[in-house]
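# Secondary and tertiary structure notes
Listed below, chain by chain, are the residues.
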Amino acid sequence: MTNRILWILMGILAIAGGFFALANPFAASIAATTIAAWMFLFLGGLQIFAGFRVEGTGAKIWTILLGALAIYLGITILGHPLKGMMALTTMIAILFLGGGIAKVILAFSLEDKTFFWVVLLSGVASVILGVIIFANWPVSAVTALGILLGVELLSDGISALAMAFSRDSEEAA
């Protein structure tokens, strides 16, 4: 499978996920919150397991404590999904801001490529989404997570397709 096909598949999946999230933003918010909670539980369990295999008392203690914290977060989010959604909305806003800044920086390293503007616009869109979340938090947090996730997926999907269909796609891979 070539890199171009992988970019196309990633783009199509991201766009489809974006449309599904925009069709029902509350359900997308609940789904994202639930998936995150289960990931905290799963990864926390793995971290605790790995902690018993780490050499050194200090490293062992910290690894196990961080794993236990992840499990606690997962249980807390599953027990209080709306509060978890609020916390995840804040985290997503921070990630959108950070990811957007990273895409803008990446775009300027691709100035000579045909997909420079698409990557730059994707980065700017991510930064704007992060700002929108913070500007409306906590009032719109119940649906904002799903809406913004949908827009972010659409933006990333379009960016991936633009890279896949550009002449520079072999260099981008």
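Residues numbered from 1 in each chain as written. Predicted model: local features only at pLDDT ≥ 70, side-chain atom pairs only at ≥ 80, totals over all residues. Heavy atoms only, no water.

Moving on, we come to the overall build of the chain. Of regular secondary structure, the chain possesses seven helices and zero strands. Along the chain, helices and strands appear, N-terminal first, in the series α-α-α-α-α-α-α. Across the 173 residues that make up the chain, the buried fraction comes to 34%. Within the structure as shown, the chain displays about 10000 Å² of accessible surface, and the carbon and sulfur contribution to it stands at 78%. Side chains of the chain give 7 positive and 8 negative charges; the mean places of these two sets differ by 11 Å. (Helix = DSSP H or I, 4+ residues; strand = E, 2+ residues; numbered from the N terminus. Buried < 20%, exposed > 50% of the residue type's maximum accessible area, 1.4 Å probe, protein only. Areas by Shrake-Rupley, 256 points an atom, 1.4 Å probe, with all protein chains shown as cover. Lys, Arg positive; Asp, Glu negative; His and termini not counted. Charge placed at Lys NZ, Arg CZ, Asp CG, Glu CD.)

Glancing now at the pattern of salt bridges. Within this structure, the stated rule accounts for two salt bridges. Across the pair Lys103 and Glu152 runs a salt bridge, and its minimum N-O distance is 3.2 Å. You can see Lys103 sitting in helix α4 (residues 81-109) and its partner Glu152 sitting in helix α6 (residues 141-165), a full 49 residues away along the chain. Across this residue pair, the class does not change: Lys103 and Glu152 are buried. Residue Lys103 is classed as buried on the basis of its relative accessible area of 16%. (Salt bridge = Lys/Arg side-chain N within 4 Å of Asp/Glu carboxyl O.)

Counting across every chain of the model gives two aromatic pairs. Residues Phe116 and Trp117 carry aromatic rings whose centres are separated by 4.9 Å and whose planes lie at 75° to one another, so their mutual orientation is edge-to-face. When its relative accessible area of 57% is taken as the criterion, Trp117 is described as exposed. Linked through ring pairs, Phe108, Phe116 and Trp117 together constitute an aromatic cluster. (Phe/Tyr/Trp six-rings, centres within 6.5 Å; stacked < 30°, edge-to-face > 60°.)

For the rest of this paragraph, the subject is the confidence of the model for the chain. Averaged over all residues, the pLDDT of the chain is 86; the fraction at 70 or higher stands at 95%. When the elements of the chain are averaged for pLDDT, helix α7 (residues 169-172) gives the smallest value, 52, and helix α1 (residues 3-23) the largest, 91. (pLDDT = per-residue confidence, 0-100.)

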